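# Descriptive structure summary
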Amino acid sequence: MTAQQLKNSILQMAVQGKLVPQDPNDEPASVLLERIRTEKERLIKEKKIKKEKNSSVIFRGSDNLPYADLPFDVPEGWVWVRLNDVAANIHYGYTASAQPTGNAKLLRITDIQNNVVCWRDVPFCEPMESEYATYGLSNRDIMIARTGGTIGKSYIVRNLEGRAVFASYLIRVIPLESIYEEYLKVFLETPFYWEQLKSYSMGTGQPNVNGQSLKKLVLPLPPLAEQRRIVARIEELLPHVADYAAAEQKLTVLNAAFPGDLKKSILQAAVMGKLVPQDPDDEPASALLERIRAEKEALIKAGKIKRDKRESVIFRRDNSHY
């Protein structure tokens, strides 16, 4: 098992309710879901978000509502939701060119490396205040790359430094306050997420995914307390996965060098007399050497070769020489 396979297994177990034990005292996710609906209704009334024309069906784990084609069962107290159900908004970014100065940073796909953004290196842009009101970033926002080789990669905005907007090749998911955004990030790295994303990806030359497709993604939602336990457990395990990955890399280097090193070792052992056992009945090499010397003398006398002016000295095992 590779380090990536190990990580995938941990993440998949997490969203299947197999990573941490369930606590019967946890408030069930169905209650959380009602709070989420109430929060969304409030945001709609405050005109902070728009009401969906075609609201998605929520598939619960314990009610008699219909199931979609879901790949696994979830524990008691969990529910199935769509990503749009737990988000205040899912929308595209701001179209602008990067500038050396401006009134807001412009976060691009290329600024996100291994779930980290170096805000000092992020370029600027000049959005109007109305544009900033639409595209301005906040901590907890989740960015998802929507095209190219990084399609589907996600990042949670943390430690935001000043004003910033996000570029058009990113899609923003704004988690509702009732949701633990770190659990959503866990889901966005699972094989289950990537399978769904692949099915929704469009484009023959350069794959891409749109906001409407992301809204349809289904995910298992545990009770809020369990969401936090899951994330805490993953944070405990990931350093061990990193150690495993480092060991795997060392082994890969060793395996790549092994054939060449083995050949060198075999040849070295051969010329040192350590590859095969010696036979005391063998004619010693000193006798062979005498025949070689006699053969060379005969060739010199026949004029076929010339005698070396500086003949090399050959040493024997008893340190005498010829």
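Refer to the structure printed above.
Residues numbered from 1 in each chain as written. Predicted model: local features only at pLDDT ≥ 70, side-chain atom pairs only at ≥ 80, totals over all residues. Heavy atoms only, no water.

## Looking at unusual backbone geometry
Backbone geometry at N115 places phi at a positive 65 degrees, although glycine is not the residue there. Assignment of secondary structure puts N115 in the loop between β4 (112-113) and β5 (116-117). Located in the positive-phi region is R140, a residue other than glycine, with phi close to 90 degrees. Along the chain, R140 falls in the loop between α3 (129-135) and β7 (142-145). Residue R140 is classed as buried on the basis of its relative accessible area, which comes to 18%. (Helix = DSSP H or I, 4+ residues; strand = E, 2+ residues; numbered from the N terminus. Buried < 20%, exposed > 50% of the residue type's maximum accessible area, 1.4 Å probe, protein only.)

## Some words on a nonpolar patch on the surface
Where nonpolar side chains cluster on the molecular surface, the patch consists of F258, L262, I266, L275 and V276 and spans about 460 Å² of accessible area. Relative to the elements of secondary structure, I266 occurs in helix α7 (residues 224-271). Owing to a relative accessible area of 39%, I266 belongs among the partly exposed residues under this scheme. (Patch = residues over 30% accessible without salt bridge, like charges linked within 9 Å, V, L, I, M, F, W, Y side chains within 5 Å. Areas by Shrake-Rupley, 256 points an atom, 1.4 Å probe, with all protein chains shown as cover. Salt bridge = Lys/Arg side-chain N within 4 Å of Asp/Glu carboxyl O.)

## Some details on the packing of aromatic side chains
For the structure shown, the criterion picks out eight aromatic pairs. Between F72 and W80 the ring centres are 5.2 Å apart and the planes differ by 50 degrees, which places this aromatic pair in the tilted class. Aromatic side chains W80 and F192 sit 5.9 Å apart centroid to centroid with 75 degrees between the ring planes, which places their arrangement in the edge-to-face category. Note that W80 is positioned in strand β1 (residues 79-82) and F192 in helix α5 (residues 191-200), a separation of 112 residues in sequence. As far as the burial class goes, W80 and F192 line up, both buried. A network of ring pairs unites the aromatic residues F72, W80, F187, F192, Y193 and W194 as a single cluster. For the cation-ring pair, R163 lies above Y132, with the distance from its terminal atom to the ring centre recorded as 4.0 Å. (Phe/Tyr/Trp six-rings, centres within 6.5 Å; stacked < 30°, edge-to-face > 60°. Lys NZ or Arg CZ within 6 Å of the ring centre and 35° of its normal.)

## Quick word on α5
Every buried residue of α5 is accounted for by F192, Y193, Q196 and L197. The buried residues of α5 occupy one face: seen down the axis, they fall within an arc of 130 degrees. Turned more than 90 degrees from where α5 packs its buried face, E195, K198 and S199 sit exposed. Its buried side turned inward, α5 meets α1 (3-15), β1, β7, α4 (181-187), α6 (211-216) and β11 (218-221). (Arc of directions from axis to C-beta. Contact = heavy atoms within 4.5 Å.)

## Focus on the nonpolar core
Counting residues in each nonpolar core, the largest one holds 52 residues, and the members touching the most others are I36, L83, V86, Y183, L214, L221 and I234. With near-sequence residues (within four places) excluded, L83 lies in contact with I90, V173, L184, L214, K215, L217 and L219. Ranked by size, the runner-up nonpolar core spans 14 residues in total, among them V117, A145, V157 and F166. (Core = buried A, V, L, I, M, F, W, Y, C linked by side-chain atoms within 4.5 Å.)

## Overview of the sheet that holds β7
One open sheet accounts for four strands, arranged β2-β10-β7-β8; its pairing is antiparallel. What marks the edges here is a single partner per strand, and that holds for β2 (87-92) and β8 (154-156). Pairs of neighbouring strands in the sheet enclose a mean axial angle of 20 degrees, with direction left out of account. Relative to β8, β7 runs antiparallel, the two sharing three bridges. Bridge pairing in β8 places M143 opposite Y155. (Pairing = 2+ DSSP bridges. Axes fitted to C-alpha atoms, helices over the stretch in contact; angles between N-to-C directions.)

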